[in-house]
Amino acid sequence: MSRVYNFSAGPAVLPEEVLKEAAAEMLDYKGTGMSVMEMSHRSPAFQQIIDEAEQDIRDLMNIPDNYKVLFVQGGASTQFAAIPMNLKKNGKAAYIVTGQWAKKAAQEAEKYIDVDIVASSADKTFSYIPDCSDLDIADDVDYVYICENNTIYGTKYHTLPNTKGHVLVSDVSSCFLSEPVDVEKYGVIYGGVQKNVGPAGMAIIIIREDLIPESVDKSVPTMLTFKTHADAGSLYNTPPCYTIYMCGKVFKWIKAQGGLEAMKKHNEAKAKILYDFLDNSKLFKGTVVPEDRSLMNVPFVTGDADLDAKFVKEAKAAGLENLKGHRTVGGMRASIYNAMPTEGVQALVDFMKKFEEENA
Ligand SMILES: *Cc1c(COP(=O)(O)O)cnc(C)c1O
């Protein structure tokens, strides 16, 4: 068996310890004589798995008691619709567009409510986060929406927007559990789990209880109604059982690493190795303004599309996989989530140095 360093943006690298544990439990989960994949979601063994997963993410993020944690199907994109459907009061929301995922969320929301785009960084190919300290936000918006870490463009909000007292909704798909968060600053934090937390197929929603409406428009599907999942402890129907189990293992792994403070230190040290190299390279160049750089997704280019393609190909042959940039931006992107070891980033930088010498 040989494992590569996998720089995929998602589904993405998982901690090797977690994969080994899951492998060891595959045929017989803790004496039940069956795999978690074969187990009733109404069984005591599964109830314990989901209860522990919820408690562990609550511990990690310090989630206050007046917030619910929901495990729901459909990834992050389904929430692009569910959020306006559930948070709709006046039928208007403010969106800040800092990349494709925020744009898609705004476009989806427009089907259900009025959307004000109050800021955007589209003018410079989303290579920065706009100043959000004093935006023109209407008094009657139901919420202000951001995508906190822009997976494709490699930017991150290092300061949250001034929402002028409105509820903040944040898509954290690609920075979930990568550093400490102050949950109380948000009304809703949500993300697909396949970037930093577990296998694909699920989103986690952390939502302040008073934002879960007693009733929604009749046309809102039961499965997209937050109250359905909140009332049923995420067990209204068959949940993505195995994904919940794997996420639970990742939560325990993060706890064992020292929690989110330790994760942040580890992620900062890792990203620094790559950014320092990019800042000093004559061939490679990062595409994001330094003050808004993401710790998770690092896009870079040589400035020559053919050379970029050669790099991606040779890197793959050297065991450094999935470095091709998003199809809409080109170039390269290294996603260096929680589970990417420092050695992986060091191996990438060593390879980039060698490539730079060979192609000078
Ligand atoms: C990947 C991603 C999504 C889409 O996630 P799906 O689970 O595939 O729907 C949404 N937002 C962000 C920030 C992402 O990185």
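Everything here concerns the structure above.
Q: What is the right way to read the site of the ligand from this model?
A: Around the ligand, the structure places Gly-75, Ala-76, Ser-77, Phe-80, Trp-101, Cys-147, Asn-149, Thr-151, Asp-171, Ser-173, Gln-194 and Lys-195. For the ligand, an oxygen atom lies 2.4 Å from a polar atom in the side chain of Thr-151. Within the side chain of Lys-195, an N or O atom sits 2.5 Å from an oxygen atom of the ligand. Sorting elements by how many residues they give to the shell around the ligand places helix 3 (residues 75-87) first, with four residues. Of the residues belonging to the shell around the ligand, the class tally is four nonpolar, six polar and two charged.

Q: When you look at the packing of aromatic side chains in this model, what are you seeing that I'm missing?
A: Summed over the entire model, instances satisfying the criterion amount to 14 aromatic pairs. Ring plane angle 50° and centroid distance 6.5 Å describe the contact between Phe-80 and Trp-101, whose orientation is recorded as tilted. Taken together, the residues span a long stretch of sequence, with Phe-80 in helix 3 and Trp-101 in helix 4 (residues 100-109) at a distance of 21 residues. Accessibility expressed as a relative area gives 4% for Phe-80, which makes it buried. On the basis of relative accessible area, Trp-101 is assigned to the partly exposed category, the value being 25%. Seen in terms of ring centroids, Phe-126 and Tyr-153 are 4.9 Å apart; in terms of plane orientation they differ by 55°. Their pairing is tilted. With a gap of 27 residues between them, Phe-126 in the loop between strand 4 (114-120) and strand 5 (144-147) and Tyr-153 in the loop between strand 6 (149-150) and strand 7 (155-156) connect regions that are remote in the sequence. Each member of the pair, Phe-126 as well as Tyr-153, carries the same accessibility label: buried. Among the aromatic residues, those joined into a ring-pair cluster are Phe-277, Phe-284, Phe-300, Phe-311, Phe-351 and Phe-355. The ring of Tyr-128 has Lys-124 lying over it, and the distance from NZ or CZ to the ring centre is 5.7 Å.

Q: What exactly am I supposed to notice about the side chain of His-166 here?
A: Among the structural elements, His-166 can be located in the loop between strand 7 and strand 8 (168-171). Filtering out sequence-adjacent residues up to four positions away, His-166 remains in contact with Ile-137, Ala-138, Asp-139, Val-141 and Val-144.

Q: Got a minute to help me understand the sheet that holds strand 14 (residues 332-335) in this structure?
A: Sheets are built from strands paired through backbone hydrogen bonds, the pairs being either parallel or antiparallel. Strand order in this open sheet of three strands is 11-12-14, and the pairing throughout is antiparallel. Taken across any chain shown, the strands that pair with only one partner, and hence form the sheet edges, are strand 11 (285-286) and strand 14. In this sheet, strand 14 lies alongside strand 12 (residues 297-301) in antiparallel orientation, the contact comprising four bridges. The residue of strand 14 that forms the bridge with Val-298 is Ala-334.

Q: Looking at this structure, I do not really get the sheet that holds strand 4. What am I missing?
A: With mixed pairing, seven strands are arranged side by side in an open sheet as 2-10-9-8-5-3-4. Since the sheet does not close on itself, it has two edges, and those belong to strand 2 (67-73) and strand 4, each with one partner. Between one strand and the next, the sheet's axes are offset by a mean angle of 20°, whatever the strand orientation. Relative to strand 10 (residues 202-208), strand 2 runs antiparallel, the two being bridged by seven bridges. Within strand 10, the residue paired with Phe-71 across the bridge is Ile-204. Against the sheet, helix 2 (residues 44-61) contacts strand 2, strand 9 (188-192) and strand 10, and its axis sits at roughly 125° relative to strand 2.

The rules behind the values
- Residues numbered from 1 in each chain as written.
- Predicted model: local features only at pLDDT ≥ 70, side-chain atom pairs only at ≥ 80, totals over all residues.
- Heavy atoms only, no water.
- Near = heavy atom within 4 Å.
- Polar contact = N/O pair within 3.5 Å; in protein donor to acceptor, adjacent residues only side chain to side chain.
- Helix = DSSP H or I, 4+ residues; strand = E, 2+ residues; numbered from the N terminus.
- Nonpolar A, V, L, I, M, F, W, Y, C, P; charged D, E, K, R; others polar.
- Phe/Tyr/Trp six-rings, centres within 6.5 Å; stacked < 30°, edge-to-face > 60°.
- Buried < 20%, exposed > 50% of the residue type's maximum accessible area, 1.4 Å probe, protein only.
- Lys NZ or Arg CZ within 6 Å of the ring centre and 35° of its normal.
- Contact = heavy atoms within 4.5 Å.
- Pairing = 2+ DSSP bridges.
- Axes fitted to C-alpha atoms, helices over the stretch in contact; angles between N-to-C directions.

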